[in-house]
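Read off the chains here:
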Amino acid sequence: MTDLKEAFLQKDRLIQIQQEMLRRKDSIDKLRNKAIKQLRDDNLQLSNQVRSLKAQIAFLEAEVFNLKQNLLNKVDKEMPKYTPPQIVIPLPPPPPLPQKMKQAEDNRRRPKKKLRKINWEQIPQNKIEDTFWKDVDDSQVQLDWEWLEEQFSAQAAVQQSEKAKEQQSKAISAERQRTIELFLAKYKLTYEILLQKLEVLDINFFNIDLVEGLIKCLPLEKEAQLIKEQVYQQLNQPEKFIYNLIKIPFYQQRVKSLQFQEQYLFIKSLISKHLKFIEESCLFTLNNQLLKDASLILLAVGNYLNWTDSTKSDVKGVKMDAFEKTTMMKTNDKKGTLLGYIVKVMSKKIDIQLLKYDFVDEASKFSLLQIMNDFNQLKQLFQDLKIVVESQEQYALAVFSKQYDEASVYMEQQQQEILKVQKLYQDTCKMYGESYLGYDSDKFFAKIKFIMENIKEAHKNLLHKAEEEKKKQLETETKQQLVAIRQSILVQDVHQQMKLQQVIQKNLQNKSLKELIQMQKNLKKK
């Protein structure tokens, strides 16, 4: 009795499990149908847009054609018609075949069945006389005619062609097969292990190189459809790999989702860093008074130099390329450039802090368009991730759900950040009269970098020249001071010598006076 009760309970469990599996299958089918419907709607929308564009193009082509016809009709009406004289040149008759060739044609053996052709290029008859072929008669050559007909009959060629076509219809492209073989050999993998890891989305197994190699092995839609129609036992290893790969639900999106996971953090960091460089460079360029002062002096100098050319005088503004011309305009004494003079004029206004352009240097190494392309690539991979996550598959939710939520917020915020930097870049280009179309910001900031480098170099040369002049002036003043000191010392020496002589003379006088007094005293004593 207990066994019977246990059997009934087990049966109820099995029924519940079966019902749960059916519910999951219905849920998966609904999601798949929803995704297919969404894809169809998107394809229909794209098709409508393409048709609309084609209609607009056709309308424009018709308009151009009508304008062209009207213009031609107008020209025909205004210009007299010219009818060229008709000159008929009779064609020369073909040269008659030589007697030997006629006999050879008559004696030549003809095949009894249709044979395969040799695709050769024959020498024209009128040029045979200049070659060794003029003395050749192939009708005298004896061949195994029956063997030739047997081995090169058109029927055999058709059969071989059909066989090759049948063989080709079974296989994917030779290049794809080779790619798969090299991929599996490189990583020493069997396709069973690889596909098992892909099905369960084992992120610890896949790295960026493995994912990118797998992407190269993904079949085209035509190849996938062709593989489905083949007998599995007759497939080779690469074809079996594709055959089993396309059985995995959303196999392409799975691989692309793995690629997104591997590249997400790197591309995210790269985009953020590059946007920061461009934003800082735009703010630097917008607020840099040094550039504006240099541009103003350049305009004044240029208008003055171009005064004799009436077509170029009184210019109100110039593009940044004009600075490059000033670096190439040497002074007549070959000691400086026009840019050096511009920097000299504005030297008192130059702030050393404004000559620091590290952000501009970095921003000149990549373009805003490149950032936008990187972000669009990330968006495409994110769409594949979205399809996989919305499939509600157990492995996909476990592996990607957290990253999907984080990436959803990031993609929206980053889109707004890119639009903000785009607007800032547009304003910067407009301020300096440059075009922002194409968003090749690297070229624009390369111009700014060139200007700042040359202004900095010219300012450095100006300071060096000023220091040299100051040094020379200091040496001159020092020499003058030394000369003055020497003269002063000489004068002092002369004065001292004169004083010494006076002292000596005075001493001599005093000594002689004492001697006289002493002599008088001696005389008195006597």
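Look a little higher up for the structure.
Fair warning: this is a prediction, and the values are worked out from it, not measured in the lab. (Residues numbered from 1 in each chain as written. Predicted model: local features only at pLDDT ≥ 70, side-chain atom pairs only at ≥ 80, totals over all residues. Heavy atoms only, no water.)

Enquirer: Would you mind going over the packing of helix α15 (residues 368–390) against helix α16 (residues 394–431) with me for this structure?
Expert: The relative placement of two packed helices is expressed as an angle between their axes plus a distance between the axes. Where α15 meets α16, the axes come as close as 10 Å, and the angle between the chain directions of the two elements is 155°. Taken together, the axes of α15 and α16 lie roughly antiparallel to each other. In the crossing of α15 with α16, the sense of the turn from one axis to the other is left-handed. Grouping the constituent residues of the contact of α15 with α16 by class yields 18 nonpolar, four polar and three charged. (Axes fitted to C-alpha atoms, helices over the stretch in contact; angles between N-to-C directions. Helix = DSSP H or I, 4+ residues; strand = E, 2+ residues; numbered from the N terminus. Parallel < 35°, antiparallel > 145°, perpendicular 65-115°, else oblique. Left-handed = near helix turned anticlockwise from the far one by under 90°. Nonpolar A, V, L, I, M, F, W, Y, C, P; charged D, E, K, R; others polar.)

Enquirer: Just to check I follow, could you spell out a nonpolar patch on the surface for this structure?
Expert: A contiguous nonpolar surface patch, about 320 Å² in accessible area, is contributed by L14, I17 and M21. Within the secondary structure, M21 is located in helix α1 (residues 2–78). Exposure remark for M21: the relative accessible area of 56% places this residue in the exposed category. (Patch = residues over 30% accessible without salt bridge, like charges linked within 9 Å, V, L, I, M, F, W, Y side chains within 5 Å. Areas by Shrake-Rupley, 256 points an atom, 1.4 Å probe, with all protein chains shown as cover. Salt bridge = Lys/Arg side-chain N within 4 Å of Asp/Glu carboxyl O. Buried < 20%, exposed > 50% of the residue type's maximum accessible area, 1.4 Å probe, protein only.)

Enquirer: Before we go on, may I ask you to explain a positive patch on the surface in this structure?
Expert: Together, K335, K344, K465 and K472 make up a region of like positive charge exposed at the surface. As for its placement among the helices and strands, K465 is situated in helix α17 (residues 441–525). (Lys, Arg positive; Asp, Glu negative; His and termini not counted. Charge placed at Lys NZ, Arg CZ, Asp CG, Glu CD.)

Enquirer: Help me understand the nonpolar core in this model?
Expert: Where a protein is soluble and globular, its nonpolar side chains tend to be buried together. Membership of the largest hydrophobic core comes to 86 residues, with the highest contact counts inside it found for F241, I278, L368 and F445. Of the residues forming this core, the biggest block, 13 residues, is contributed by helix α10 (residues 251–287). Excluding residues within four positions of it along the chain, L368 makes contact with L275, I278, V421, Q422, Y425, Y439 and S441. (Core = buried A, V, L, I, M, F, W, Y, C linked by side-chain atoms within 4.5 Å. Contact = heavy atoms within 4.5 Å.)

Enquirer: Before we go on, may I ask you to explain the packing of aromatic side chains in this structure?
Expert: Given two aromatic rings, their pairing is described by the distance between the two centres and the angle made by the two planes. Evaluated as defined, the whole model comprises 13 aromatic pairs. With a centroid separation of 5.1 Å and 90° between ring planes, the pair formed by F205 and F206 is classed as edge-to-face. The class for F205 is partly exposed, based on a relative accessible area of 23%. Under the relative-accessibility criterion, F206 is labelled buried at 4%. One aromatic cluster is present, formed by F260, Y264, F382, Y404 and Y410 through successive ring pairs. (Phe/Tyr/Trp six-rings, centres within 6.5 Å; stacked < 30°, edge-to-face > 60°.)

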